Amino acid sequence: METYTITKRINDTFGFPGYEPVVLIDRHVPFCEKTAYYAFAECCIVNAVRDGMNLIPYKYIVCRQGTPKMDEALGVAPGWRHTSTLVVSEFTGCSPSLSGAIRVNPWDIEAVSNALNVAINMPDLEKQLRHEKHYRYVSSHDIAYWACSFMQDLTRACEYHYSKRCWGIGFGLNFRILSLSPSFRKLSNDYIITAYKRTSKRAIFLDYDGTVVAQTSIPKTPSPEVISVLNNLCSDPRNNVFIVSGRGKKSLSDWFAQCENLGIAAEHGYFLRWSGMSDWETRSLAADFDWKNTAKPVMKLYTETTDGSYIETKESALVWHHEDADPDFGSCQAKELLDHLENVLANDPVVVKRGQNIVEVKPQGVTKGFVAEKVLSLMIANGKPPDFVLCIGDDRSDEDMFESMSNTAYGSSLASAPAIFACTVGQKPSKARYYLDDTVDVLALLQCLADASKSKSSSTETQVSFDNFV
Ligand SMILES: O=P(O)(O)OC[C@H]1O[C@H](O[C@H]2O[C@H](CO)[C@@H](O)[C@H](O)[C@H]2O)[C@H](O)[C@@H](O)[C@@H]1O
């Protein structure tokens, strides 16, 4: 009814005897008649406000290309360059694929009328070039092409169905489908102990937050149990034990002051100390931190608009924390901040990474993976290639360690491959082959190893310092 009223209003205003600007056809239109309309129309507009995959623009293009018979019927000379002019709503399914079309927002009436004006008054050459684009797309993306591409997508999506186990975890916005390799399994104490006992040049890398101290723990300092188990492990001369953390060197050296033989990598390896007796080494990278002047104001912007968030300034990095913000809002802001920082820092020698409730900007090349590589390479260079490597971590930054420890240990030409245990905390997609459920499991496992060390070394009673060993 509304369409009839509008048609009448336009025709009453702009028509005259013998001319009706709008012809409303409200009946079934047979295929051949529709084809004739499309073939004849100089412009086609499809300005749906909602749409699935509207085929009318494609049909219009094909009809405008026509056939020699249609050309003859239309009275056009052979070799005539065809034209098609399309105005499509940006909400239609075909809008992204028809690059020669004029795109409009159908709610913007003035933009639609301007587009129609442009379409009709466009020079013939432009109409021809646009049509060539349209027709090239339609003729190369035919039904066989679509069927093939759907099949390829389905095959790709199902590629790992039989080699992975999938299940859903979490609720609401946190719902995720996990797809894990069947070889990903829980690290059993009995299994690792066998390898531990038969080896004598061991490297052990432990992440801090979420690995030896629970992410939810209010005191962030290590418990007496953690200090004691690390000391027991460090006192075995066959062990090289490292805490590899994103935290700063001041907190870590204060917290582990009682662990003399413990190696510490702070700020993801920007600082490295081989034991409590040695000095901190700094990663030799360009000491230019001018990027902090760019990153900090952006972080401040997000801190002002995200209640509960704050900025941590480390020597080599800047970290935006949102642990105390609203969980959903904090995550959305973190994603946006990450994009924002990546854009403004695109030309700086830094990387922007997400971690547990943090967005961190740090120098390129500073990774926990570098720490593992450095320690293992040094052991190899000193003629003490590792025969046992254990690495436990819960976060994305620990994935770098899992990758590099395997590459370094397997990549070197060692006489025999070391026993490698890359272990993540919590079941999730990871480069690690093993998982433990939580920090309680981690400490239980470390305790088991420490007990195994004690039972053997008590008979020999030799104490070799870490420096002597490496
Ligand atoms: O490598 P890690 O030992 O896992 O350390 C990573 C980050 O640890 C710290 O952040 C974590 O603790 C904060 C509370 O103290 C918490 O707000 C945050 O959500 C945790 O990720 C540290 O402040 C960061 O600099 C480290 O990168």
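If you look the chain up in an unreviewed UniProt entry, it shows as Trehalose-phosphatase from Salix suchowensis.

Below, the discussion takes up the site of the ligand. Around the ligand sit 20 residues in total, of which S245, G246, E312, Q356 and K368 are the nearest. Between the ligand and the protein, one listed contact pairs an oxygen atom with a side-chain N or O atom of E312 at 2.7 Å. K314 has a polar side-chain atom sitting 2.8 Å from an oxygen atom of the ligand. About the coverage of the ligand: the protein hides 95% of its 570 Å² of free accessible area. For the shell around the ligand, the elements supplying multiple residues, two or more each, are β12 (310-313), β13 (318-321) and β15 (358-363). For the shell around the ligand, the residue count by class is four nonpolar, seven polar and nine charged.

This part takes up the packing of aromatic side chains. Scanning the entire structure with this criterion turns up 17 aromatic pairs. Consider the rings of Y191 and Y434, whose centres lie 6.2 Å apart with planes at 45°: the pair is tilted. Residue Y191 is located in helix α8 (residues 189-197), and its partner Y434 is located in strand β18 (residues 434-436); the two are separated by 243 residues in the primary sequence. By way of ring pairs, the aromatic residues Y191, Y196, F388, F421 and Y434 are connected into one cluster. Stacked on the ring of Y191, the Lys or Arg R185 has its end atom at 5.6 Å from the ring centre.

Glancing now at the nonpolar core. Counting 44 residues, the largest nonpolar core has L230, F256, L390, I392 and L446 as the members making the most contacts within it. It is helix α15 (residues 439-460) that contributes the most residues to this core, seven residues altogether. Other than its neighbours up to four places away in sequence, L390 contacts L187, I192, A203, I204, F205, F421, L445, L446 and L449.

In spatial order, the strands read β6-β18-β17-β16-β7-β8-β9-β10-β11; together these nine strands make up an open sheet with mixed pairing. The sheet is open, and its two borders are formed by β6 (185-186) and β11 (281-282), each paired with just one other strand. Of the pairings in the sheet, the one linking strand β16 (residues 388-393) to strand β17 (residues 419-425) comprises six bridges and is parallel in character. Each residue of the ladder has a partner; that of I392, found in β17, is C423. Contacting β7 (202-206), β8 (239-244), β9 (263-266), β10 (271-273), β11 and β16, helix α13 (residues 368-381) runs over the sheet at an angle of about 165° to β7.

Looking now at the side chain of S404. Tracing the sequence through the fold places S404 in helix α14 (residues 396-411). Given the relative accessible area of 10%, S404 is considered buried. Ignoring any residue separated from it by four or fewer positions in sequence, one finds S404 in contact with G369, A372 and E373.

Turning our attention to the pattern of salt bridges. Taken as a whole and judged by the stated rule, the model has 18 salt bridges. Measuring nitrogen to oxygen at the nearest pair gives 2.9 Å for the salt bridge that ties E126 to R130. Taken together, the residues E126 and R130, both in helix α6 (residues 124-140) and four residues apart, mark about one turn of the helix. By relative accessible area, which is 31% here, E126 ends up partly exposed. Salt bridges here are not isolated pairs; linked through shared partners, they connect K186, D437 and D441.

The phi angle at E267 is positive, at roughly 50°, despite the residue not being glycine. Within the secondary structure, E267 is located in the loop between β9 and β10. By relative accessible area, which is 4% here, E267 ends up buried. The backbone phi angle of H268 is positive, close to 60°, even though this residue is not glycine. Mapped onto the fold, H268 is located in the loop between β9 and β10.

Viewed as axis vectors pointing N to C, helix α11 (residues 291-305) and helix α12 (residues 327-344) meet at an angle of 160°, and their least axial separation amounts to 10 Å. Judged by the inter-axis angle, α11 sits roughly antiparallel to α12. Crossing of α11 over α12 shows right-handed handedness. Touching T294, A295, V298, M299, L301, Y302 and T305 of α11 are F329, Q333, E336, L337, H340, L341 and V344, all from α12. The residue inventory of the contact of α11 with α12, partitioned by class, reads nine nonpolar, four polar and one charged.

On to a nonpolar patch on the surface, then. Side chains of M53, L55, Y145, W146 and F150 sit close together on the surface and give an oily, nonpolar patch of about 520 Å² of accessible area. If you trace the backbone, L55 turns up in the loop between β1 (44-46) and α3 (56-65). Take L55: its relative accessible area is 46%, and that puts it in the partly exposed class.

Between the first and last C-alpha of α11 there are 22 Å, a value that for 15 residues agrees with the 21 Å anticipated at 1.5 Å per step. Contacts from the buried residues of α11 go to β12, β13, α12, β14 (350-355) and β15.

The rules behind each value
Residues numbered from 1 in each chain as written. Predicted model: local features only at pLDDT ≥ 70, side-chain atom pairs only at ≥ 80, totals over all residues. Heavy atoms only, no water. Near = heavy atom within 4 Å. Polar contact = N/O pair within 3.5 Å; in protein donor to acceptor, adjacent residues only side chain to side chain. Areas by Shrake-Rupley, 256 points an atom, 1.4 Å probe, with all protein chains shown as cover. Helix = DSSP H or I, 4+ residues; strand = E, 2+ residues; numbered from the N terminus. Nonpolar A, V, L, I, M, F, W, Y, C, P; charged D, E, K, R; others polar. Phe/Tyr/Trp six-rings, centres within 6.5 Å; stacked < 30°, edge-to-face > 60°. Lys NZ or Arg CZ within 6 Å of the ring centre and 35° of its normal. Core = buried A, V, L, I, M, F, W, Y, C linked by side-chain atoms within 4.5 Å. Buried < 20%, exposed > 50% of the residue type's maximum accessible area, 1.4 Å probe, protein only. Contact = heavy atoms within 4.5 Å. Pairing = 2+ DSSP bridges. Axes fitted to C-alpha atoms, helices over the stretch in contact; angles between N-to-C directions. Salt bridge = Lys/Arg side-chain N within 4 Å of Asp/Glu carboxyl O. Parallel < 35°, antiparallel > 145°, perpendicular 65-115°, else oblique. Left-handed = near helix turned anticlockwise from the far one by under 90°. Patch = residues over 30% accessible without salt bridge, like charges linked within 9 Å, V, L, I, M, F, W, Y side chains within 5 Å. Expected span 1.5 Å × (residues − 1).

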